[in-house]
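One-letter residues, chain by chain:
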Amino acid sequence: MSVNLARLTTGDVGTHLRGLAIPMAVGFVALNSFSIADTYFVSQLGTLPLAAMGFTFPVSFAMISVGLGLGIGVSSVISRLLGSGDRNTVQRITTHALLLGIVLGVALTVLGLATIVPVFQGLGADERTLPLIREYMEVYFLCAVFIIVPMLGNFAIRATGDTMVPAIILSTSAAINVILDPLLIFGLAGFPRLELRGAAIATVVANGITLVASTVILAYREHLIHVRHLGFEKLWDSWQRLLHIGLPAIATNLLTPITMAIITALVAGFGPFAVAGFGVASRVESFVLIVIFALSSSLGPFVGQNFGAGQIIRVNEAVHLSSRFCVIYGLIAAVFLFVFAQPLSAFFSDDPMVIDVASAYFKIVSFTFVGFGVMMVALSSFNAFGRPMPAAVLSFAKMFLIYVPLAWLLSAILGLYGIFWANAISHLLLGAASFMWLRRELKLLPRRLPAISRVDATTETFVP
C-alpha cells in the first residue's frame with residue numbers, strides 16, 4: 001500500500017479541493033462525452049433515432065446511478081477508515097466491493113433484458129422508436145458488469161485522495177469511445193454499419209478498458225485488492241458496511257432516472273421532436289454541470305478522511321468553500337447557456353422544433369443551477385459523514401414532492417414549457433432546504449465524532 005493513503009488530513013483545504021476537483025472534472029467530462037458523442041453522431045441519422053436515444057437516457061442513467069450510489073458507499077467507508085488509520089480493513093472492503101459490483105451487474109443484465117419492451121412502452125415509445133431502442137439497449141444491458149465495476153474501482157481510488165489516475169483512465173476510455181462511435185455507427189474504415197447498436201458497442205468497449213485499468217491500479221499500485229479476500233470470510237460484514245451508505249445512495253441516485261422516466265413520458269405527449277429536444281438539453285445540461293458534480297464528488301473523500309480523523313474545522317472550511325464556489329459557477333453557467341442556447345441546440349439538430357425545445361429549456365432552467373449546486377454539496381457531505389438518510393430525504397422531496405407533481409400540473413396549464421418551469425422551481429426550493437439542513441448538521445458534528453472516528457477492531461494483518 002502507498003506510504004500514506006490518508007492524504008487529505010493535512011495541508012491547505014482550498015488547495016486540496018482544487019487538486020481533487022480539477023482531475024475529477026476532467027474525468028466527468030470524459031464520462032459525459034460518452035452520451036454527448038453518442039447523441040451527436042446518432043443525430044446525423046435523423047430525428048427518429050435521436051428520439052430513440054432520448055428514451056434510452058433515463059434507463060441507462062438508472063444503471064449508472066446504481067454504480068454511482070454504491071460508489072458513494074465505497075468512497076465514504078474507505079475514506080473514513082483511512083482517516084482513522086484503519087488500513088487493514090480497507091483492503092478487504094475494496095476487494096469485496098468489486099465482488100458486489102459483479103453481482104449487481106449480472107442482476108441488472110438479467111432484469112434489463114427481460115423488461116426492455118414494457119419499460120420503454122411505459123416511457124411512451126411507439127412502434128417507430130421501439131425497434132431502434134432495442135438495438136441500443138440489448139447491447140448495453142448485456143454488458144452491465146462493464147458499467148458498474150469500473151465505477152466502484154474509480155471511487156476506491158478517489159477515496160485515497162487520488163483523482164488524477166481516474167481522470168486519466170476515463171479520458172482514455174472516452175477517446176476510444178469517440179473514435180469507435182463514427183466507425184461503428186456509420187460503417188467507416190471497413191467496419192460494419194451498425195447505427196444505434198454500434199453506439200452501444202463503442203460505449204461497452206470503452207467501459208471494458210476502464211474496468212481493466214482501474215482494477216490494475218487498485219491491485220498493483222495501491223495494493224487494495226488481494227486474492228485472500230476473494231472468499232466468503234467477512235464478506236457479509238464488508239457488504240453491510242458498503243450497503244449502509246450504498247443502498248440509500250443508490251435509492252437517492254435512482255430517483256433521478258425514475259423522475260426522468262416520468263418526465264420523459266410527459267414530454268413524449270408533445271411528440272418525438274419534444275423528446276429529441278429534451279434529450280439534447282438534458283445531455284448538454286449534464287455536461288455544463290460537470291464542475292458542480294466534480295466539486296461535490298471531490299468533497300466526499302476530503303470530508304470523509306478529515307471527519308474520520310476528527311478534524312471538524314477542516315470539514316467546515318471545505319463545505320463553506322464548496323458552497324460559495326457553486327453559487328458563483330452556477331451564475332456564470334446560467335449566463336452562458338442563456339446567451340448561447342440557440343447555437344448549442346442547433347449543433348445537435350437542424351430541426352427547428354427540436355432547437356426551440358432545447359433552447360427554451362436552457363433559458364428557463366439554467367438560472368436555478370445555484371440551488372442545485374448547494375444541494376449537491378449538502379448531499380455529498382451527508383454521505384461522507386456516514387449519514388445517508390438526510391440526502392435521501394432531500395432527493396425524494398425534490399423529485400416526488402415538488403418536481404413531478406408540479407410538472408404534471410404546469411404541463412396542463414403552460415404546455416411543454418411548464419415541465420421546465422417545474423424543474424427550475426424544484427432546484428430553488430430544495431437548494432434552500434439543503435443549505436439550512438447542512439448548516440444544522442455541521443453544528444452537531446462534534447457530538448458524532450466518538451462513534452465515527454474510532455478505529456474498528458480487527459485482527460487482520462495487512463498483506464501488500
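The shown structure was predicted, so the numbers you read here are calculated from the model rather than taken from an experiment.

Calculation rules
Position numbers for residues count from 1 along each chain, tracking the sequence in the order it is written. The predicted origin of the model limits local features to residues at a pLDDT of at least 70 and limits the giving and counting of side-chain atom pairs to 80 or more, whereas totals for whole chains, interfaces and linings rest on all residues. The side-chain values count all of the structure's non-hydrogen atoms but skip hydrogen atoms and water molecules. Exposure above 30% relative accessible area and the lack of any salt bridge qualify a residue for a patch; like charges then connect within 9 Å, and the nonpolar side chains Val, Leu, Ile, Met, Phe, Trp and Tyr within 5 Å. Surface accessibility follows the Shrake-Rupley procedure with a 1.4 Å probe radius. Residue values consider only the protein chains on display as shielding. Every case where a carboxyl oxygen of Asp or Glu lies within 4 Å of a side-chain nitrogen of Lys or Arg is listed as a salt bridge. Helix numbering and strand numbering both begin at the N terminus, where a helix is a DSSP run of H or I of at least 4 residues and a strand a DSSP run of E of at least 2. Ring geometry is summarised as follows: Phe, Tyr and Trp rings, the Trp one being its six-membered ring, pair when their centres sit within 6.5 Å, and such pairs are stacked at plane angles under 30 degrees, edge-to-face over 60 and tilted between the two. Exposed residues in this analysis have more than 50% of their type's maximum accessible area, buried residues have under 20%, and partly exposed residues fall in between, with area computed by a 1.4 Å probe over protein chains only. Polar contact is the term for a pair of N or O atoms within 3.5 Å; when the atoms are in protein, one must be able to donate a hydrogen and the other to accept it, and sequence-neighboring residues count only if both atoms are side-chain atoms. The contact criterion used throughout is that any non-hydrogen atoms of two residues lie within 4.5 Å. Among buried residues, the Ala, Val, Leu, Ile, Met, Phe, Trp, Tyr and Cys ones that are joined through side-chain atoms within 4.5 Å form a nonpolar core. Here, axes are lines fitted to C-alpha atoms. For helices the fit covers the stretch in contact, and angles between N-to-C directions go from 0 to 180 degrees. Crossings are sorted by hand: turned counterclockwise from the far helix by less than a right angle, the near helix makes the crossing left-handed, and turned clockwise it makes it right-handed. When residues are grouped by polarity, Ala, Val, Leu, Ile, Met, Phe, Trp, Tyr, Cys and Pro land in nonpolar, Asp, Glu, Lys and Arg in charged, and all others, Gly among them, in polar. As a per-residue quantity, pLDDT reports the predictor's confidence and falls between 0 and 100.

Chemist: Which residues make up a nonpolar patch on the surface, and what values go with them?
Modeler: A surface patch of nonpolar side chains, amounting to about 830 Å² of accessible area, comprises Trp408, Leu409, Ile413, Leu414, Tyr417, Trp421, Ile425 and Leu429. Elements represented by at least two residues in the nonpolar patch include exactly helix 16 (388–414) and helix 17 (416–452). Relative to the helices and strands, Ile425 is located in helix 17.

Chemist: Let's hear about the packing of aromatic side chains: which residues, and what values?
Modeler: Scanning the model with the defined rule gives 17 aromatic pairs in all. Between Phe338 and Phe367 the ring centres are 5.8 Å apart and the planes differ by 65°, which places this aromatic pair in the edge-to-face class. Placement of the pair is Phe338 in helix 12 (residues 312–339) and Phe367 in the loop between helix 14 (352–365) and helix 15 (369–384), with a sequence separation of 29 residues. A residue is classified by how much of its surface remains accessible, and Phe338, at 41% relative accessible area, is partly exposed. Seen in terms of ring centroids, Phe396 and Phe400 are 5.5 Å apart; in terms of plane orientation they differ by 35°. Their pairing is tilted. Here Phe396 pairs with Phe400, and both are found in helix 16, just 4 residues apart, close to one helical turn. Phe396 sits in the partly exposed class, given a relative accessible area of 40%.

Chemist: Give me the lowdown on the side chain of Thr163, citing residues and values where you can.
Modeler: Mapped onto the fold, Thr163 is located in the loop between helix 6 (144–159) and helix 7 (164–186). A polar side-chain atom of Thr163 sits 3.4 Å from the main-chain carbonyl oxygen of Gly19. Beyond its immediate sequence surroundings of up to four residues, Thr163 is in contact with Gly19, Leu20, Pro23, Met24 and Arg158.

Chemist: Go over the nonpolar core with me, naming the residues and quoting the values.
Modeler: Ranked by internal contacts, the top residues of the largest apolar core, which has 137 residues, are Phe120, Met137, Phe385 and Phe420. Among the elements that take part in this core, helix 2 (residues 47–84) stands out by supplying 16 residues, more than any other.

Chemist: A description of the side chain of Ser395 should follow, citing residues and the corresponding values.
Modeler: On the secondary structure map, Ser395 appears in helix 16. Classification of Ser395 as buried rests on a relative accessible area of 5%.

Chemist: Outline the packing of helix 6 against helix 8 (residues 196–221), listing residues and values.
Modeler: Where helix 6 meets helix 8, the axes come as close as 8 Å, and the angle between the chain directions of the two elements is 35°. Between helix 6 and helix 8 lies a crossing whose hand is left-handed. The residues of helix 8 that touch helix 6, namely those facing Val145, Phe146, Ile147, Val149, Pro150, Gly153, Asn154, Ala156 and Ile157, are Val204, Asn207, Gly208, Thr210, Leu211, Ser214, Ile217, Leu218 and Arg221. Of the residues belonging to the contact of helix 6 with helix 8, the class tally is 11 nonpolar, 6 polar and 1 charged.

Chemist: Residue-level account of the confidence of the model for the protein, with values.
Modeler: Per-residue pLDDT for the protein has a mean of 85; in total, 94% of the residues score no lower than 70. When mean pLDDT is taken per element in the protein, helix 12 scores highest with 93 and helix 1 (residues 13–43) scores lowest with 81. Counting contacts from residues 450–464, a segment whose pLDDT is below 50, to residues more than four positions away or on other chains yields 35 contacts.

Chemist: Give me the lowdown on unusual backbone geometry, citing residues and values where you can.
Modeler: Of note in this structure, Ala189 is not a glycine but carries a positive phi near 55°. Among the structural elements, Ala189 can be located in the loop between helix 7 and helix 8. Given a relative accessible area of 69%, Ala189 falls into the exposed group. A positive phi angle, close to 50°, is found at Glu195, a residue other than glycine. Tracing the backbone shows Glu195 in the loop between helix 7 and helix 8. Under the relative-accessibility criterion, Glu195 is labelled partly exposed at 28%.

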